[in-house]
Amino acid sequence: MKKLLLILLIPVITSCSSNQESDSTSHKPTWDAEEKLANLGINLPEASQPVANYVNAVRTGNLLFLAGKGPNLPDGNYVTGKVGQDLSIEEGKEAARLVGIAQLAVLKAELGDLNKVKRIVKVLGMVNCGPDFTQHPQVINGFSDLMVEVFGEKGKHARSAVGMNALPMDIAVEIELIVEIED
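Because the structure is predicted, anything quoted here is derived from the model rather than measured.

Considering all chains together, one arrives at five salt bridges under this definition. A salt bridge links glutamate 180 to lysine 118; its shortest N-O distance comes to 3.9 Å. In this pair, glutamate 180 sits in strand 5 (residues 173–181) while lysine 118 sits in strand 3 (residues 117–128), placing the two residues 62 residues apart along the sequence. Of the residues examined, glutamate 180 reaches a relative accessible area of 21% and is grouped as partly exposed.

So, about the pairing of strand 1 (residues 57–60). Summarising the sheet, strand 1 and strand 2 (residues 63–69) pair through four bridges and their orientation is antiparallel. Residue pairing for strand 2: valine 58 is matched across the bridge by phenylalanine 65. In sequence, strand 1 turns back onto strand 2 through a hairpin of two residues, with glycine 61 there showing a positive phi of about 60°.

Note on placement: lysine 69 falls in strand 2. As a buried residue without a salt bridge, lysine 69 has its nearest oppositely charged side chain in glutamate 174, at a separation of 9.1 Å. Only 3.0 Å separates the side chain of lysine 69 from the side chain of serine 48, close enough to count as a polar contact. Ignoring any residue separated from it by four or fewer positions in sequence, one finds lysine 69 in contact with Ser48, Gln49, Asn56, Val99, Ala102, Gln103, Val106, Val173, Glu174 and Ile175.

This brings us to helix 4 (residues 136–151). Here helix 4 contains 16 residues, and its C-alpha end-to-end distance of 23 Å stays within 8% of the 22 Å for a straight helix at 1.5 Å per residue. At glycine 142, helix 4 shows its strongest bend, of approximately 35°. Where helix 4 is concerned, the buried positions are His136, Val139, Ile140, Gly142, Phe143, Ser144, Leu146, Met147, Val150 and Phe151. Just downstream of helix 4 lies glycine 152, where phi reads positive at about 65°.

Looking now at the pairing of strand 4 (residues 158–164). Judged from the seven bridges that link them, strand 3 and strand 4 form a sheet pairing that is parallel. Bridged to valine 127 within strand 4 is glycine 163. Note that the unit made of strand 3, helix 4 and strand 4 has a crossover that is right-handed.

Positive phi is not limited to glycine here, since methionine 169 has a value of about 55°. Within the chain, aspartate 170 stands out as a residue other than glycine whose phi angle is a positive 65°.

It is worth spelling out the packing of helix 3 (residues 89–111) against helix 4 at this point. Two numbers describe how helix 3 lies on helix 4: the axes approach to 7 Å, and their chain directions differ by 40°. In this view, helix 3 runs oblique relative to helix 4, as classed from their interaxial angle. When you trace helix 3 past helix 4, the crossing you get is right-handed. Within the contact between the two elements, helix 3 uses Ile89, Gly92, Lys93, Ala96, Arg97, Val99, Gly100, Ile101, Gln103, Leu104 and Leu107 and helix 4 uses Gln138, Val139, Ile140, Asn141, Gly142, Phe143, Asp145, Leu146, Met147, Glu149, Val150 and Phe151.

What counts, and where the lines are drawn
- Residues numbered from 1 in each chain as written.
- Predicted model: local features only at pLDDT ≥ 70, side-chain atom pairs only at ≥ 80, totals over all residues.
- Heavy atoms only, no water.
- Salt bridge = Lys/Arg side-chain N within 4 Å of Asp/Glu carboxyl O.
- Helix = DSSP H or I, 4+ residues; strand = E, 2+ residues; numbered from the N terminus.
- Buried < 20%, exposed > 50% of the residue type's maximum accessible area, 1.4 Å probe, protein only.
- Pairing = 2+ DSSP bridges.
- Lys, Arg positive; Asp, Glu negative; His and termini not counted.
- Polar contact = N/O pair within 3.5 Å; in protein donor to acceptor, adjacent residues only side chain to side chain.
- Contact = heavy atoms within 4.5 Å.
- Expected span 1.5 Å × (residues − 1).
- Bend = angle between axes of the 7 residues up to and from the residue.
- Right-handed = clockwise from strand over helix to strand, strands pointing away.
- Axes fitted to C-alpha atoms, helices over the stretch in contact; angles between N-to-C directions.
- Parallel < 35°, antiparallel > 145°, perpendicular 65-115°, else oblique.
- Left-handed = near helix turned anticlockwise from the far one by under 90°.

Shown next, in the form of structure tokens:
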């Protein structure tokens, strides 16, 4: 009986001691957003400046409210047109992913380190489309999928995906978000 008890306890003791070692030697986050971004081959551009009388982000407490951004192309232009008419759903989804990259650039500029993001809380995705278009969620998935790729579980968020008759400068997609950040 003593041998059986000893055999049963050895894995428990070993498991406890290895957990203590990893806890005391590693302070690196279990999910590294900066590393994930690099692994995805995404180089963040410089955060674009607001096009009117507002700021890119406002912090209150541990929440960061990001102003709406559009899908910036590397040449400085935007993806424009109505999804479902001028652009396919896939092109709209790619435009939403570009907005995700633009918003990550804002987060990086505001926080200095994307690992300070505790949670993507709420997303409002607006799709420039005609009155008969109904695939808004599929388009905004381009943004949401990127947030989960970069932040893992912390990137999953509440969301609204809606259609708009027009967006500023005829951009295809505009997305704003609320982010919880580390104190």
